Amino acid sequence: MNEFNGCLYAFELDDLRFSGCFFTWANKQDHAHHVTTKLDRVLVNEQWMKDYSCSSAHFPTPGISDHSLVWRKVIFGNPMFCVCEKLKLLQGEFKIINIRDFSDVSKRVVDTRQLLESLQKDLGSQSSNLSVISQEKEVHKQLLTLLRTEESLAKQKSRIQWLKLGDQCISYFFKAVSSSRNRSKITSLVLDDGSLINDITDIKSNFVNFYTNLLGTAHPTSYHGLSRIQQVLGSRLSDSAKS
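How each quantity is defined
- Residues numbered from 1 in each chain as written.
- Predicted model: local features only at pLDDT ≥ 70, side-chain atom pairs only at ≥ 80, totals over all residues.
- Heavy atoms only, no water.
- Helix = DSSP H or I, 4+ residues; strand = E, 2+ residues; numbered from the N terminus.
- Buried < 20%, exposed > 50% of the residue type's maximum accessible area, 1.4 Å probe, protein only.
- Contact = heavy atoms within 4.5 Å.
- Areas by Shrake-Rupley, 256 points an atom, 1.4 Å probe, with all protein chains shown as cover.
- Core = buried A, V, L, I, M, F, W, Y, C linked by side-chain atoms within 4.5 Å.
- Salt bridge = Lys/Arg side-chain N within 4 Å of Asp/Glu carboxyl O.

**Side note on the overall build of the chain**
Thought 1: Regarding its fold elements, the chain presents 9 helices and 9 strands.
Thought 2: Expressed as a percentage of its 243 residues, the buried residues of the chain come to 13%.
Thought 3: In the chain, once contacts between residues fewer than 6 apart in sequence are set aside, the share between residues at least 24 apart is 45%.
Thought 4: When the accessible surface of the chain is split by element, carbon and sulfur atoms take 57% of a total near 20,000 Å².

This is the structure:
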């Protein structure tokens, strides 16, 4: 190991930045005999980093092998082009995450809730069963996560529907406005004496009278300077005053 480290130091080699699995080898043993370590690396020098500054390595999951295969993708071009290309490369990974975490969320919520109810029924007769207690706790946690995911997706879908339909001058927009007006419309009013009125004209007049009594009427002003200011502004200076 010392000789290997000395070789890296002599040739000025360093790990290329990477993503994916940190440990790239496992002995596939159980429990206390299980060993994992990082055997696979991509080593580059300073000149490589100057010439291929956008390069990186990826170590995917090993599958049936005991090693994580290294995948390296070098992208050439200006920084913005490199960013765009890297985002394109991530599309496949995002699709996998979407299928794994967000597909059939509503169905998974129903299935997980049924499983939780079944485990909770078992706890009624096996309250000291540590295995059932552990399963119930884990399933409960999964259900909460799925419910939050389902709620988030519903909010996103509602925003998308509003963006597509709500901002356009179509029937959906007018229905939304009409529904909002209908919810805020005052159709009846209870007066101070307990009587109920439904006529729209009486409702309007009672509102006007209430706020008139509450706020009062405008006080007459005794300030007469405004007319004097208007006279001064409207008058023209004489030639002698100008000089």
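So much for the structure itself; the text now carries on.
**Side note on the nonpolar core**
Thought 1: In this structure, Val105, Val109, Leu116, Leu119, Val132, Val139, Leu143 and Leu146 together form the largest nonpolar core, which totals 8 residues.
Thought 2: Sorting the residues of this core by element identifies α4 (105-125) and α5 (130-166) as the ones contributing at least two each.
Thought 3: Core analysis: the next-biggest nonpolar cluster, separate from the first, contains 6 residues, Leu16, Cys21, Ala57 and Phe59 among them.

**Considerations on unusual backbone geometry**
Thought 1: Non-glycine residue Glu12 carries a positive phi angle of around 55°.
Thought 2: Within the secondary structure, Glu12 is located in the loop between α1 (2-11) and β1 (14-15).
Thought 3: Non-glycine residue Lys28 carries a positive phi angle of around 60°.

**Remarks on the side chain of Thr149**
Thought 1: Along the polypeptide, Thr149 turns up in helix α5.
Thought 2: Judged by its relative accessible area of 15%, Thr149 falls in the buried class.
Thought 3: The residues touching Thr149, leaving out its near neighbours within four places in the chain, are Asp101, Phe102 and Val105.

**Topic: the pattern of salt bridges**
Two side chains that carry opposite charge are able to pair once their charged atoms sit near each other.
Thought 1: Overall, the coordinates contain 3 salt bridges when judged by the stated rule.
Thought 2: For Asp15, the salt bridge identified is with Arg41, shortest N-O distance 2.7 Å. Taken together, the positions of Asp15 in strand β1 and Arg41 in the loop between β4 (36-37) and β5 (43-44) put the pair 26 residues apart, joining distant regions of the chain.
Thought 3: Judged by its relative accessible area of 31%, Asp15 falls in the partly exposed class.
Thought 4: Of the charged contacts, one joins Asp111 and Lys107 as a salt bridge, the two residues approaching to 3.0 Å between their closest N and O atoms. Residue Asp111 and its partner Lys107 are located together in helix α4, separated by 4 residues, close to a single helical turn.

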